[in-house]
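Secondary and tertiary structure notes
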Amino acid sequence: MPKTNDNGITTMKHTPLHDQHVALGAKMVDFGGWDMPLAYGSQIEEHHQVRRDAGMFDVSHMTVVDITGPQARDYLRRLLANDVDRLAAPGKALYSCMLDEQGGVIDDLIVYHLDVDRYRMVINAATTDKDLAWMRRQAEGFDVDLKVRDDLAMIAVQGPTARERVHRVLGGEAERVADLKPFFMAELGEMAVARTGYTGEDGYEIMLPAGAAADFWQRLLDAGVKPCGLGARDTLRLEAGMNLYGADMDETVTPLESGLAWTVAFEPADRDFIGRAALERQLAEGVGRKLVGLVLEDRGVLRNHQPVLVNGAVAGEITSGSFSPTLGRAIALARVPADTGDSVEVQMRGKTHRARVVKPPFVRHGKALI
Amino acid sequence: MSNIPQELRYTETHEWIRLEEDGTLTVGITDHAQELLGDIVFVELPEEGEECAAGDDVAVVESVKAASDVYAPVTGEVVAINTKLTDTPELINQDPYGEGWIFRVKPMDPEDYDELMDADAYQELISEE
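Residues numbered from 1 in each chain as written. Chains lettered and ligands numbered in written order. Predicted model: local features only at pLDDT ≥ 70, side-chain atom pairs only at ≥ 80, totals over all residues.

Here the focus is the overall build of chain A. The helix and strand tally for chain A stands at 9 helices and 21 strands. For chain A, whose C-alpha radius of gyration is 21 Å, the value lies close to the compact-globule estimate of 21 Å for 370 residues. Oriented by its inertia axes, the alpha-carbon framework of chain A measures out at about 60 × 50 × 50 Å. Residues classed as buried in chain A amount to 45% of the 370 residues present. Residue pairs in contact within chain A that sit at least 24 positions apart in sequence constitute 67% of those at least 6 positions apart. (Helix = DSSP H or I, 4+ residues; strand = E, 2+ residues; numbered from the N terminus. Rg over C-alpha atoms; globule rule 2.2 N^0.38 Å. Buried ≥ 20, exposed ≤ 12 C-beta atoms within 10 Å, placed from the backbone. Contact = placed C-beta atoms within 7 Å.)

Helix and strand content of chain B: 4 helices and 9 strands. N-terminal to C-terminal, the α/β element order of chain B is β-β-β-α-β-β-β-β-β-α-α-β-α. Here the C-alpha atoms of chain B give a radius of gyration of 13 Å, agreeing with the 14 Å that 2.2 N^0.38 yields for 129 residues. Seen through its C-alpha atoms, chain B measures out along the principal axes to roughly 35 × 30 × 25 Å.

Further remarks concern the nonpolar core. L76(A), V111(A), Y119(A), M154(A), I155(A) and V157(A) are the most contacted members of the largest nonpolar core, which totals 75 residues. In this view, V111(A) contacts L76(A), L80(A), V84(A), A93(A), L94(A), S96(A), Y119(A) and M121(A); residues no more than four positions away in its chain are not counted. Membership of the second largest hydrophobic core comes to 54 residues, among which are F323(A), F362(A), V27(B) and I40(B). (Core = buried A, V, L, I, M, F, W, Y, C linked by C-beta atoms within 7 Å.)

To continue, consider the pairing of strand 6 (residues 57–63) of chain B. All names here are of chain B. The element strand 6 is extensively covered by neighbouring structure, given that 5 of its 7 residues are classed as buried. The sheet contact formed by strand 4 (residues 40–44) and strand 6 spans 4 bridges and is antiparallel. Bridging across to strand 6, F42 finds its partner in E62. With 5 bridges joining them, strand 6 and strand 7 (residues 67–71) adopt antiparallel strand pairing. The residue of strand 7 that forms the bridge with V61 is S68. What sits between the antiparallel neighbours strand 6 and strand 7 is a turn of 3 residues. (Pairing = 2+ DSSP bridges.)

Okay, the interface of chain A and chain B next. In this complex, chain A contributes 12 residues to the contact, which on the side of chain B involves 7 residues. Counting only elements with at least two residues in the side of chain A that touches chain B, the list comes to helix 2 (43–52), helix 8 (230–239) and strand 16 (313–324) of chain A. Tallied by class, residues from the side of chain A that touches chain B come to 4 nonpolar, 6 polar and 2 charged. (Nonpolar A, V, L, I, M, F, W, Y, C, P; charged D, E, K, R; others polar.)

A few words on the pairing of strand 19 (residues 351–358) of chain A. Note on strand geometry: in a regular strand, side chains alternate between the two faces of the sheet. All names here are of chain A. Bridging between strand 14 (residues 289–296) and strand 19 involves 4 bridges; their strand directions are antiparallel. Within strand 19, the position partnered with L294 by the bridge is V357. As defined by bridge partners, strand 18 (residues 343–348) adjoins strand 19 across 6 bridges and the pair is classed as antiparallel. Looking across to strand 19, one finds that V346 is bridged to H353. Hairpin connection of strand 18 to strand 19: 2 residues between the antiparallel strands, including R349 at a positive phi of 50°.

Glancing now at the environment of M98(A). Residues and elements named next belong to chain A. You can see M98 is positioned in strand 5 (residues 93–99). Spatially, the C-alpha atoms of M98 and A81 are 6.1 Å apart, while their sequence positions differ by 17 residues. In this view, M98 contacts L79, L80, I106, D107, L109 and D131; residues no more than four positions away in its chain are not counted.

On to the domain arrangement of chain A, then. Residue and element names in this part refer to chain A. Domain annotation of chain A identifies domain 1 (18–57 + 151–239), domain 2 (63–148) and domain 3 (255–368). Taken over C-alpha atoms, the centre of domain 1 sits 28 Å from the centre of domain 3. Elements that contribute at least two residues to the side of domain 1 that touches domain 3 include exactly helix 2 and helix 8. At 5 residues, the largest contribution of residues to the side of domain 1 that touches domain 3 is made by helix 2. When its residues are assigned to classes, the side of domain 1 that touches domain 3 shows 3 nonpolar, 4 polar and 5 charged. (Domains from an automatic or database assignment.)

Turning our eyes to something else, we now look at the sheet that holds strand 4 of chain B. Residue and element names in this part refer to chain B. Strand order across the open sheet formed by 3 strands is 4-6-7, with antiparallel pairing between neighbours. Two strands close off the open sheet at either side, each with one partner strand: strand 4 and strand 7. Going from strand to strand, the sheet's axes swing by 25° on average, the running direction of each strand aside. (Axes fitted to C-alpha atoms, helices over the stretch in contact; angles between N-to-C directions.)

A few words now on the sheet that holds strand 3 (residues 55–58) of chain A. All names here are of chain A. Across the sheet, 6 strands lie side by side as 10-11-12-9-3-13; this open sheet has mixed pairing. The open sheet terminates on both sides in strands that have one partner only, identified here as strand 10 (185–188) and strand 13 (226–227). With respect to the sheet, helix 2 is in contact with strand 3, strand 9 (152–158) and strand 13, its orientation differing from that of strand 3 by roughly 115°. Each of strand 3, strand 9 and strand 12 (203–209) is contacted by helix 7 (residues 210–222), which is oriented at about 20° to strand 9, the strand it contacts most.

Residues and elements named next belong to chain A. Where helix 2 meets helix 8, the axes come as close as 8 Å, and the angle between the chain directions of the two elements is 55°. As judged from the angle between their axes, helix 2 and helix 8 are oblique. Every pair of crossing elements has a handedness; the one defined by helix 2 and helix 8 is right-handed. Of the residues in helix 8, those touching helix 2 at Q43, E46, H47 and V50 are G231, A232, T235 and L236. When grouped by side-chain class, the residues that make up the contact of helix 2 with helix 8 number 3 nonpolar, 4 polar and 1 charged. (Parallel < 35°, antiparallel > 145°, perpendicular 65-115°, else oblique. Left-handed = near helix turned anticlockwise from the far one by under 90°.)

Below you can see the structure in the form of structure tokens.
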């Protein structure tokens, strides 16, 4: 919720856990208008904590939208490139892109099938305003209701011991989530617990009333879950080969050029989702570019926007680059020509360095895959 | 608050300089600089024997977040480098004024040292940022 100072000037938005971050001594940064923790200490230690044990992230800046009504299903089958009919079982979650008519990616999101005529979407913070405007426009003609749940906070608890630690905090309620399969959600009264995440580790994403967030956060701390910031969240998702909206894809590219073809449901053929015609045209003409993983052979750190050379000529660009704490070397996602082979060069600070082309993920469940 | 030892000299680009008994100058980056960079994962060192002019970029410190050049504070010759940083770059985070030193330079003109900023001036510089 936006805070207004004494002069009536709107300052950065705070999540319901802002006081907790400040009290824990976090280094705070502006993240899409939100004052968020970058790290509480060493971001590399926080990264290892999630790979080896359990860490938690305040992700309350993300926007939760409930979509209800007799035509909620029809609406989502039109709105999203993936097909919510894959969510036959109640509680099941689906990753999807939301496309414009040209097939460009407006946002990527998770949609949960809560119950008959009841879905929940989690969209990115920085894209919230344009997403909601688009979703409301597309809702015209559908008997559907969109409700932004800014009364909810969200905490992601991730790592090999995350679930057992959450179970300890939930006490008697734990048995209702302990049997959740990956990518399923259970509602516990006003709380919702989903076995999803953005780190490549097992764990939960927990939505709960904003007023209950500080107490729950403290109980997770007491259960040995360490707070982790956006810095670790970024290196974890990059190792897991997960795209970041605004870096790895946006409206200028389609899912087919972004390593996300698997999230586009072309079957059944008669489902007319927004962007379908453009994607079919692109498939017919040939998809010219692809998103690949890079591993730097030399020492150094790959960075966003560094040029990628194929056969000596600039042919692509790094979309997300960083240092992988698990692998101890630099990794990246890069958009390159579709016929790129298994080796490229990257221009870094005036010099070219060789990088190996790999298929993400780089790390999954604590283990190196490359 | 960053630690700014009184006995050192400083640059506007956040290097610290210690005058050794033999007249050489040890150079590193300040506590303030390492705090801004966050976890340091890679250091590119100069070569021993390399000549440098004041203001030359002679080393690179890369954190998870960003890359930052390290500049020669005076004109002279690099006479020693901290090779420990190759395998343990995090020494700069852990002990920026000690184990995290980066290189040592023999100044061509010893009086250049006296021109460098003292601790109070550096304190003022970073409080203005």
